[in-house]
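# What the coordinates show
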Amino acid sequence: MAKTAQKPGYRCAECGWRTPKWVGRCGECQAWGTVDEEGARGATVVQAGATSAPALPIGQVKAEVAAARTTGVGELDRVLGGGLVPGAVVLLAGEPGIGKSTLLLEAAARIAERTTVLYVTGEESAAQVRLRADRIGAIQDQLYLAAESELAALVTHVDKVQPQLLVVDSVQTIGTTQATGVPGGVTQVREVAANLVRLAKERNMATLIVGHVTKEGSIAGPRTLEHLVDVVLNFEGDRHSRLRMVRAIKNRFGPTDEVGCFDLHERGIEGITDPSGLFVSRRSEPVPGTCVTVTVEGTRPLPAEVQALVARTDAQQPRRTSSGLDTYRVQMILAVLERRLNARLGGCDVFTATVGGIRLADPAVDLSVMLAVASAAGDKPLPAGLVALGEVGLAGELRPVKDVRRRLTEAARLGFKRALVPAGSLEEGGRKRGGQRALVPVGPVAFAPGFEVVQAENVWDALTHVT
């Protein structure tokens, strides 16, 4: 029988994308120089083998084994979905010096109060980590520390200590002789991560891995690194500020829309259970170009202040600069202001920003951005105690957003007196005959004692209510 010659195949070392011919740039992740030849594999017959456990009806599987255990850090538990699941592998990524090691050392010390924890550092010496532990008060008898950069040595420490939690700081500094390249390279990171995941699953051991990010803000290393782990957390914040935020990008055991807020200071890192006042300026008199809105991060409503500055310029192309806001969405709102409200912004530089370094991607922020720019352009402050939330359409209409009642309840709790929302945002629960919902009429509505809600159908009504 004639043998069929195997055709060479090519695979991207970054994301695993395959192609029958060589290309210089990956068609999936767009990385250059990562496509290498690999032998084409034909179909093979796999023989039956031993199983680790018999298959059971799903109702007989014990779910208590995968129950989350608290880390002792409330804000971290919020993002994780209740705590760490045994056998789960969590990747915490962030810029250098943002506080990743401090956060994980704090969590490791809290967990070491109840069980054994192994902290493996490849970036610092054991003495340097001990100094940080002394500073933040993270000295525990069941917290073991090892400074290693070889994967085989790390496995030896795990065999001796038998920890319930393993912390690896960081995956880019751990290497193995079983793979080519230097530690931190694509091949090395993939091999080390795969072995750490296998180790965690075999021993039912929760594992926290520190990862670096590139200049573009994405996680350094192969894309398969994010696919291998169970949870991917992003640690972000301004290095010149004490505020830090943790967001879940991927979470197999909980939500991906929660955010944890932390205060990083010289004595360590501390969770902020009520961050409502961090993103709003405190002033005695209203200032033109400022407007407060309420965004929702997971289950937590957060009041945030949007600021705008409009200044005349002689440049042919006026600047449009945004900080903490979606630049393209701000440009759309400026176009609506010019076209629907006849605002003259063509000869002006427009700067928009948020207070406290928070990033706002919620469509409910649109109305506050529009009012802040209109206030700055007219040099007239908005009424004191006002919050605005709603999505702005290209036709100038205001669209309702989700969780309006929760946002307004938080605004009333913080002492705001008036809210501006799109028409139809406050709906009664039932339906009238004919299947139509019963909507609260457009106009002022008493939402809470001393708190008035004004509903507007479009941007013209919104400006009329606040001027």
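Structure shown above.
Report follows, based on the coordinates. (Residues numbered from 1 in each chain as written. Predicted model: local features only at pLDDT ≥ 70, side-chain atom pairs only at ≥ 80, totals over all residues. Heavy atoms only, no water.)

## Looking at the sheet that holds strand β1 (residues 9-12)
Rule in force here: We treat two strands as partners when DSSP finds at least two bridges between them. Under the scheme used here, helices are H or I runs from DSSP no shorter than 4 residues and strands are E runs no shorter than 2 residues, and both carry numbers assigned from the N terminus.
Reading across from one edge, β2-β1-β3 is the order of the three strands in this open sheet, with antiparallel pairing throughout. Of all the strands in the sheet, the pair left with one neighbour each is β2 (18-19) and β3 (35-38). For β1 and β3, the ladder comprises four bridges, and the chain directions are antiparallel. Each bridged residue has a counterpart across the sheet, and for Gly9 the counterpart in β3 is Glu38.

## With respect to the nonpolar core
Where we set the bar: Only buried Ala, Val, Leu, Ile, Met, Phe, Trp, Tyr and Cys residues count toward a nonpolar core, and they belong to the same one when joined by side-chain atoms within 4.5 Å. For each residue, the accessible area found with a 1.4 Å probe, counting protein chains only, is set against the maximum for its type, and the residue is called buried under 20%, exposed over 50%, and partly exposed in between. Throughout, a contact is declared for two residues whenever any of their heavy atoms are within 4.5 Å.
The biggest cluster of nonpolar side chains holds 44 residues, and the ones touching the most others in it are Leu367, Val369, Met370, Leu371, Val373 and Leu420. Per-element tally for this core: the top contributor is helix α8 (residues 366-378), with seven residues. Contact partners of Leu420, with chain neighbours within four places excluded, come to Leu367, Leu371, Leu386, Val387, Ala388, Leu389, Val454, Ala456, Ala462, His465 and Val466. In terms of nonpolar packing, the next biggest core, distinct from the first, is built from 36 residues, Val73, Val79, Ala108 and Leu165 among them.

## Focus: helix α2 (residues 100-111)
Condition: A helix's residues, less one, multiplied by 1.5 Å, set its expected span.
Its twelve residues place the ends of α2 17 Å apart at the C-alpha level, agreeing with the 16 Å of an ideal helix rising 1.5 Å per residue. Along α2, eleven of the twelve residues are buried, which leaves the element largely enclosed by surrounding structure. Along α2, the positions that sit buried rather than exposed are Lys100, Ser101, Thr102, Leu103, Leu104, Leu105, Glu106, Ala107, Ala108, Ala109 and Ile111.

## Observations concerning α8
Its 13 residues place the ends of α8 18 Å apart at the C-alpha level, agreeing with the 18 Å of an ideal helix rising 1.5 Å per residue. With ten of 13 residues buried, α8 is to be regarded as a mostly interior element. Buried residues of α8: Asp366, Leu367, Ser368, Val369, Met370, Leu371, Ala372, Val373, Ser375 and Ala376, and no others. Once α8 finishes, Asp379 follows within two positions and takes phi at roughly 55°, a positive value.

## Quick word on the packing of α2 against helix α3 (residues 126-136)
Test applied: The axes used here are C-alpha line fits, helices contributing only the stretch in contact, and every angle between their N-to-C directions lies in the interval 0 to 180 degrees. Roughly parallel covers angles under 35 degrees, roughly antiparallel covers those over 145, roughly perpendicular covers 65 to 115, and oblique covers all other angles. Two helices that cross are described as forming a left-handed crossing if the nearer one is turned anticlockwise from the farther one by less than a right angle, and a right-handed crossing if clockwise.
As a packed pair, α2 and α3 sit with axes 11 Å apart at the nearest point and diverge in direction by 65°. Classed by the angle they form, the pair α2 and α3 counts as roughly perpendicular. Classified by chirality, the crossing of α3 by α2 is right-handed. On the side of α2, the interface is formed by Ser101, Thr102, Leu105 and Glu106, while α3 contributes Val129, Arg132, Ala133 and Ile136.

## Details of the side chain of Lys100
Quick reminder of the rule: In summary, the charge assignment counts Lys and Arg as positive and Asp and Glu as negative, without counting His or the chain termini. When a carboxyl oxygen of Asp or Glu lies within 4 Å of a side-chain nitrogen of Lys or Arg, that pair is called a salt bridge. Polar contact is the term for a pair of N or O atoms within 3.5 Å; when the atoms are in protein, one must be able to donate a hydrogen and the other to accept it, and sequence-neighboring residues count only if both atoms are side-chain atoms.
Examined against the element boundaries, Lys100 turns out to sit in helix α2. For the buried Lys100, no salt bridge is present, and the opposite-charge side chain at shortest range is Glu123, 6.5 Å distant. A polar side-chain atom of Lys100 sits 3.0 Å from the main-chain carbonyl oxygen of Glu95. The residues contacting Lys100, other than those within four sequence positions of it, are Leu92, Ala93, Gly94, Glu95, Val210, Gly211 and Phe235.

## What about the environment of Ile249?
Looking at the element boundaries, Ile249 is found in strand β10 (residues 243-251). On a C-alpha basis, the gap between Ile249 and Asp461 in space is 38 Å, while along the polypeptide they are 212 residues apart. In this view, Ile249 contacts Val232, Asn234 and Thr256; residues no more than four positions away in its chain are not counted.

## Re the pattern of salt bridges
Counting across every chain of the model gives 24 salt bridges. Note that Arg247 and Glu236 form a salt bridge whose closest N and O atoms lie 2.8 Å from each other. A residue pair is termed long-range when its members are at least 10 positions apart, and Arg247 in strand β10 and Glu236 in strand β9 (residues 231-236) qualify at eleven residues. Here Arg247 falls in the buried class, since its relative accessible area comes to 18%. Among the residues examined, Glu236 registers a relative accessible area of 17% and is labelled buried. Put simply, Asp366 and Arg329 hold a salt bridge, and the shortest N to O gap is 2.9 Å. Of the two residues, Asp366 is situated in helix α8 and Arg329 in helix α7 (residues 327-340); the sequence distance between them amounts to 37 residues. We classify Asp366 as buried; its relative accessible area is 2%. Several salt bridges share partner residues, and in doing so they unite Arg329, Asp366, Glu391, Glu397 and Arg399 into one network.

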